[in-house]
Amino acid sequence: MTMSSSAAVPQLEIPDAELVGRATSLVPLIREYATQGSEARRVAPEVIKALEDADVFRLLVPNRYGGQGATLRTAVEAVAEVARGDGSTGWIAALMTVGTGFASTSSAQAQEDIFGANAKAKVCGVFSPGSKAERVDGGYLVSGRWPYASGSFTADWGSLGIPIEGGELALALIPAETWTIEPTWFVAGMQGTGSDTIVIEDHFVPDHRIQPVKDMFEGRYLTPHTDERMASMSFNAVAAAILVAPQIGLGRHALEITRAKLPLKPVAYTSYQEARLSPTHQIGVAHAATKLHLAELTLNRICLDLDRAADERRLPDLETRARIRNDTGVVAELVTDAIGALLTANGAGSFAEVNVLNRIWRDSETAARHALVTPEIGREAYGRLLLGNEEPTIAL
């Protein structure tokens, strides 16, 4: 169906309620298994299956392979709801959703290798390059270690960075049966993401499963299906945007807990028998809620810019992409500040190991340090373009 961009905007602004509702319905189950997932250092199988059944991992996969072909706005909102249940689960949903979605931009043969063999295949991703990619007839012989491989324990494929001829970086699609997982993810936050290290020795990757990252950043994907939304999605901007969706969910959960438990709590060393009557707590919670709302509005704008450009089959211009990179860092800052303010309002007991707020805080603080959303790097890239420099210092 063809429609003008002005007519398309209302649909782009509103997430698909049915798809988001599937994620929301899983929140009780996700919370039930959250502690188990953190202790096991990977999301529980029962939760993974529920996410699969709800098609969360296939939100961005095109309809032709049975995926949902959803907007980024819908995917981000669904991921945020998953993270409202648990941060680690939301992180897995974010990384696997975007990794699986972008697998549909690879060559036709690679897509058939993945989705033709298994329509519900899940793809994890690590952009940093492994240690070896030797050019051989018809492809590359690949070896190396890829740390921070979130979701690798349940992935069917990995989209892994490799160095190719000319010193360029490319993403190679590699089946899970070719790798082993080295336990390296021993951290304070996002403990259940299973972000261990993938290890591969001398695996042959055919040329049709390789995409140069430089081309992907510029929207020059190998897929022949150029009429699809994912074929016009800005790769780096989408990857950054979906990484802050779990932050939104974590902030919502922290506010939810605060509103349920704080109002009737006595304020120690004061005459306030109920925190709801304390102006300090009223202002603190309002301050936190406002920052969370601003973060949501900022992320919504990012999604609208990217969805609108994709629907118009174009990439956003360089300055818009720089602003998006900047704004993802702003979202992370706003949410971490909001969560910090809520923990302050709830008091020192928030940091007890048995308190869910403690896990929310640790998850948020960990996720906010991901390299793709570092606020200062985003500000630098955006500021350079605002002041007339033609090229940013990072890929956008």
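Please read all numbers here as calculations on a predicted model, not as lab measurements. (Residues numbered from 1 in each chain as written. Predicted model: local features only at pLDDT ≥ 70, side-chain atom pairs only at ≥ 80, totals over all residues. Heavy atoms only, no water.)

**Observations regarding the overall build of the protein**
In step 1: What the protein contains, in helices and strands, is 14 helices and eight strands.
In step 2: In terms of overall size, the protein behaves like a compact globule, its C-alpha atoms giving a radius of gyration of 21 Å where 396 residues would be expected to give roughly 21 Å.
In step 3: Dimensions along the principal axes, computed over C-alpha positions, put the protein at roughly 80 × 45 × 40 Å.
In step 4: For the protein, the residues scored as buried account for 57% of the 396 residues in total.
In step 5: Partitioning the contacts of the protein with sequence separation of at least 6, the portion at a separation of at least 24 is 72%.
In step 6: Charged side chains in the protein number 36 positive and 48 negative. The centres of these two groups are separated by 5 Å. (Helix = DSSP H or I, 4+ residues; strand = E, 2+ residues; numbered from the N terminus. Rg over C-alpha atoms; globule rule 2.2 N^0.38 Å. Buried < 20%, exposed > 50% of the residue type's maximum accessible area, 1.4 Å probe, protein only. Contact = heavy atoms within 4.5 Å. Lys, Arg positive; Asp, Glu negative; His and termini not counted. Charge placed at Lys NZ, Arg CZ, Asp CG, Glu CD.)

**As for the layout of surface pockets**
In step 1: By volume, the largest pocket is sized at about 900 Å³.
In step 2: Per-element tally for the lining of the largest pocket: the top contributor is helix α6 (residues 87-103), with six residues.
In step 3: Of the residues in the lining of the largest pocket, the class split is 29 nonpolar, 13 polar and three charged. (1 Å grid on protein atoms, 1.4 Å probe; cavity = no way out; pocket = protein on both sides within 12 Å on 5 of 7 lines; lining within 4 Å. Points joined across faces, edges and corners; volume = space filled by probe spheres on them. Nonpolar A, V, L, I, M, F, W, Y, C, P; charged D, E, K, R; others polar.)

**With respect to the nonpolar core**
In step 1: With 107 residues, the main nonpolar core has Ile-162, Leu-299 and Leu-306 as its most contacted residues.
In step 2: The dominant element in this core, judged by the number of residues it contributes, is helix α12 (residues 318-346), at 11 residues.
In step 3: If we skip the residues at most four places from it in the chain, Leu-299 touches Val-76, Ala-241, Val-244, Ala-245, Ile-248 and Val-331. (Core = buried A, V, L, I, M, F, W, Y, C linked by side-chain atoms within 4.5 Å.)

**Topic: the confidence of the model for the protein**
In step 1: For the protein, per-residue confidence averages 94 on the pLDDT scale, and residues scoring 70 or more make up 97% of the total.
In step 2: Here residues 1-10 scores under 50 on pLDDT; set against residues more than four positions off or in separate chains, the count is five contacts. (pLDDT = per-residue confidence, 0-100.)

**Remarks on the sheet that holds strand β3 (residues 139-146)**
As a general point, the strands of a sheet are linked pairwise by backbone hydrogen bonds and lie either parallel or antiparallel.
In step 1: Judged by pairing direction, the sheet is antiparallel, and its four strands sit side by side in the order β2-β3-β7-β6 without closing on themselves. The outermost strands of the open sheet, each flanked by one partner alone, are β2 (132-136) and β6 (180-182). For this sheet, the mean angle separating the axes of adjacent strands, direction not counted, is 10°.
In step 2: Strand direction decides the pairing type here: β2 and β3, joined by five bridges, are antiparallel. Bridge pairing links Lys-132 to Ser-143 in β3. (Pairing = 2+ DSSP bridges. Axes fitted to C-alpha atoms, helices over the stretch in contact; angles between N-to-C directions.)

**Topic: the sheet that holds strand β1 (residues 123-129)**
In step 1: The strand order across the open sheet built from four strands is β1-β4-β5-β8, with neighbouring strands paired in mixed fashion. Either end of the sheet is taken by a strand with one partner, and the two such strands are β1 and β8 (210-212). Sheet twist, expressed as the mean angle between neighbouring strand axes with direction ignored, is 25°.
In step 2: Two elements, strand β4 (residues 157-164) and strand β5 (residues 168-175), share eight bridges in a ladder whose sense is antiparallel. Note that in β5 the partner of Ser-159 across the bridge is Leu-173.

**Let's talk about the pattern of salt bridges**
In step 1: Evaluated as defined, the whole model comprises 30 salt bridges.
In step 2: The salt bridge partner of Glu-81 is Arg-252, with a shortest N-O separation of 3.2 Å. Remark: Arg-252 occurs in helix α10 (residues 245-261) and Glu-81 occurs in helix α5 (residues 72-85); sequence separation between them is 171 residues.
In step 3: Several salt bridges converge on common partners, so that one network encompasses Arg-31, Arg-73, Glu-77, Glu-81, Arg-84, Arg-252, Glu-256 and Glu-296. (Salt bridge = Lys/Arg side-chain N within 4 Å of Asp/Glu carboxyl O.)

**Some remarks on the environment of Leu-29**
In step 1: Note that Leu-29 resides in helix α3 (residues 27-40).
In step 2: Given a relative accessible area of 26%, Leu-29 falls into the partly exposed group.
In step 3: When the C-alpha atoms of Leu-29 and Met-96 are compared, they prove to be 19 Å apart, with 67 residues separating the residues in sequence.
In step 4: For Leu-29, the residues in contact, after removing those within four places along its chain, are Glu-46, Val-47 and Ala-50.

**Quick look at the packing of aromatic side chains**
In step 1: For the coordinates displayed, the defined rule picks out seven aromatic pairs.
In step 2: For the pair Phe-351 and Trp-361, a centre-to-centre distance of 4.9 Å together with 90° between the ring planes defines the contact as edge-to-face. Highlighted residues: Phe-351 in the loop between α12 and α13 (356-367) and Trp-361 in helix α13, separated in sequence by 10 residues.
In step 3: By relative accessible area, which is 30% here, Trp-361 ends up partly exposed. (Phe/Tyr/Trp six-rings, centres within 6.5 Å; stacked < 30°, edge-to-face > 60°.)

**Regarding the environment of Leu-343**
In step 1: By the element assignment, Leu-343 lies in helix α12.
In step 2: Taking the C-alpha atoms as reference, Leu-343 lies 9.9 Å from Ala-288; in sequence the two are 55 residues apart.
In step 3: The residues touching Leu-343, leaving out its near neighbours within four places in the chain, are Ser-350, Phe-351, Leu-357 and Trp-361.

**Things to note about unusual backbone geometry**
In step 1: Although it is not a glycine, Asp-55 sits at a positive phi angle of roughly 65°.
In step 2: Take Asp-55: it is sitting in the loop between α4 (45-53) and α5.
In step 3: You will see that Tyr-269, though not glycine, has its phi angle at about 65°, which is positive.
In step 4: Note that Tyr-269 resides in the loop between α10 and α11 (279-311).
In step 5: You can call Tyr-269 exposed: its relative accessible area is 87%.

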